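Residue-level structure breakdown
Below are the chains, spelled out letter by letter.
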Amino acid sequence: MTIPFEPVIFGIHLNMHLILEYVAFFVGFRYYLFLRKNSTDTISSNNRLSIIIGAIFGALFFSRVVAFLENPLLHWEQGWVAILNNKTIMGGLFGGVLGVEMVKKIIGEKQSSGDLFTLPIILGIIIGRIGCFVSGIKEFTYGKETAFFLGTDLGDGVYRHPIALYEIVFLTVLFILIKKFRKRREQFESGMHFKIFMITYFLFRFFIEFLKPNSFLVLGLSSIQILCLICLLYYWKTIRQFFTHARSKIHLL
């Protein structure tokens, strides 16, 4: 397979990234419905629908804002159409969290709602990242030039870090681990699976950003990395719980 991968059907070049984005949404949502059907959901259908709507609008807004901030000068020159089309999953995830929390305060929902979304979101991102990889350098998910043995020619004759593949491997491992955690649900408080996903994924993305050729930096960090730090600060209480739990385990040894 050559990169970028653009199959032609009846003379039409297919945009595999766009196709796989739609596949990711469809498969992720169907998997969510399957999990909800086969689990006990303590949140009513009406409240769950309100939460989903809040997540969608929060994700739509922040995915565009954070994407714009990746290189605001360039995106501003490209015009409003480009600004509205640009998006990033990182802004979408954090914006979705803020949207959900806002809706839950409005409707008075106290139960944690994230666990049921966790595995479908991870699966959807994995499928989406396959689309990013086959798009080569057309999507800004490629890495810097490298002589590392995993360096890949993404269509411009330059061997680069295949960031999308690194992310697929990481998310696949995370998916398997959280799926195992679900079988031992009594060991985790409600909502902890989603928090584990957000903390580990944003931590991973903070470090992997150093392998990307970011051109717009603030204090040496990209907008994605700054968002990662904000997200980790948002979940600081949970992170502190992890350290406290780990310390207690060490003392028992």
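First, a word on scope: everything that follows refers to the structure included in this document.

Conventions and cut-offs
Residues numbered from 1 in each chain as written. Predicted model: local features only at pLDDT ≥ 70, side-chain atom pairs only at ≥ 80, totals over all residues. Heavy atoms only, no water. Helix = DSSP H or I, 4+ residues; strand = E, 2+ residues; numbered from the N terminus. Rg over C-alpha atoms; globule rule 2.2 N^0.38 Å. Buried < 20%, exposed > 50% of the residue type's maximum accessible area, 1.4 Å probe, protein only. Contact = heavy atoms within 4.5 Å. Areas by Shrake-Rupley, 256 points an atom, 1.4 Å probe, with all protein chains shown as cover. Lys, Arg positive; Asp, Glu negative; His and termini not counted. Charge placed at Lys NZ, Arg CZ, Asp CG, Glu CD. Expected span 1.5 Å × (residues − 1). Axes fitted to C-alpha atoms, helices over the stretch in contact; angles between N-to-C directions. Parallel < 35°, antiparallel > 145°, perpendicular 65-115°, else oblique. Left-handed = near helix turned anticlockwise from the far one by under 90°. Nonpolar A, V, L, I, M, F, W, Y, C, P; charged D, E, K, R; others polar. Core = buried A, V, L, I, M, F, W, Y, C linked by side-chain atoms within 4.5 Å.

Another point: the overall build of the protein. Regarding its fold elements, the protein presents 10 helices and 4 strands. Element order for the protein, N to C, with α for helix and β for strand: β-β-α-α-α-α-α-α-β-β-α-α-α-α. A compact globule built from 253 residues would reach a C-alpha radius of gyration of about 18 Å, and the protein, at 19 Å, matches this within 12%. Each principal axis of the C-alpha distribution contributes one length, and for the protein these read about 50 × 45 × 35 Å. Of all 253 residues assigned to the protein, the portion counted as buried reaches 43%. Of the contacts made within the protein by residues no fewer than 6 positions apart, 68% connect residues no fewer than 24 positions apart. With the model as given, the accessible surface of the protein reaches about 14,900 Å², and the carbon-plus-sulfur share is 68%. Charged side chains in the protein number 26 positive and 16 negative. The centres of these two groups are separated by 11 Å.

In this section: helix H5 (residues 89–107). In this model H5 runs 26 Å from its N-terminal to its C-terminal C-alpha over 19 residues, within 8% of the 27 Å that 1.5 Å per residue would give. Looking at H5, one finds that the buried residues are Met90, Gly91, Gly92, Leu93, Phe94, Gly95, Gly96, Val97, Gly99, Val100, Val103 and Lys104. Residues of H5 that are buried make contact with helix H2 (45–70), helix H6 (115–134), helix H8 (192–208) and helix H9 (223–234). Following H5 by one or two positions, glycine 108 has its phi on the positive side, about 75 degrees.

Considering the arrangement of structural elements, one finds histidine 161 in the loop between strand E4 (159–160) and helix H7 (163–183). With a relative accessible area of 11%, histidine 161 lands in the buried category.

The interhelical angle for the contact between H7 and H8, taken along N-to-C directions, is 160 degrees, at an axis separation of 11 Å. Comparing their axes, H8 and H7 come out roughly antiparallel. The hand of the H7/H8 crossing is right-handed. Listed contacts from H8 to Ile163, Tyr166, Glu167, Phe170, Leu171, Leu174, Ile178, Phe181 and Arg182 of H7 are His193, Ile196, Phe197, Thr200, Tyr201, Phe204, Arg205 and Ile208. The residue makeup of the contact of H7 with H8, split by class, is 12 nonpolar, 2 polar and 3 charged.

Let us now look at the nonpolar core. Inside soluble globular proteins, nonpolar side chains tend to come together where they are buried. Residues Ile122, Leu171, Phe197, Met198, Tyr201 and Phe202 are the most contacted members of the largest nonpolar core, which totals 38 residues. The element that contributes the greatest number of residues to this core is H8, accounting for 7 residues. In contact with phenylalanine 202, other than residues within four places in its own chain, are Met90, Leu93, Phe94, Leu227, Cys228 and Cys231.

What follows is about unusual backbone geometry. Unlike most non-glycine residues, leucine 219 shows phi in positive territory, near 55 degrees. The class of leucine 219 is exposed, set by a relative accessible area of 84%.

As a further point, take the packing of H6 against H7. The N-to-C vectors of H6 and H7 enclose an angle of 160 degrees; their axes lie 9 Å apart at closest approach. In terms of their interaxial angle, H6 and H7 are classed as roughly antiparallel. For the pair H6 and H7, the crossing hand works out as left-handed. Contacts between H6 and H7 involve Asp115, Thr118, Leu119, Ile122, Leu123, Ile125, Ile126, Arg129, Ile130, Cys132 and Phe133 on the former and, on the latter, Ala164, Leu165, Glu167, Ile168, Leu171, Thr172, Leu174, Phe175, Ile178, Lys179 and Arg182. Across the contact of H6 with H7, the residue classes break down as 15 nonpolar, 2 polar and 5 charged.

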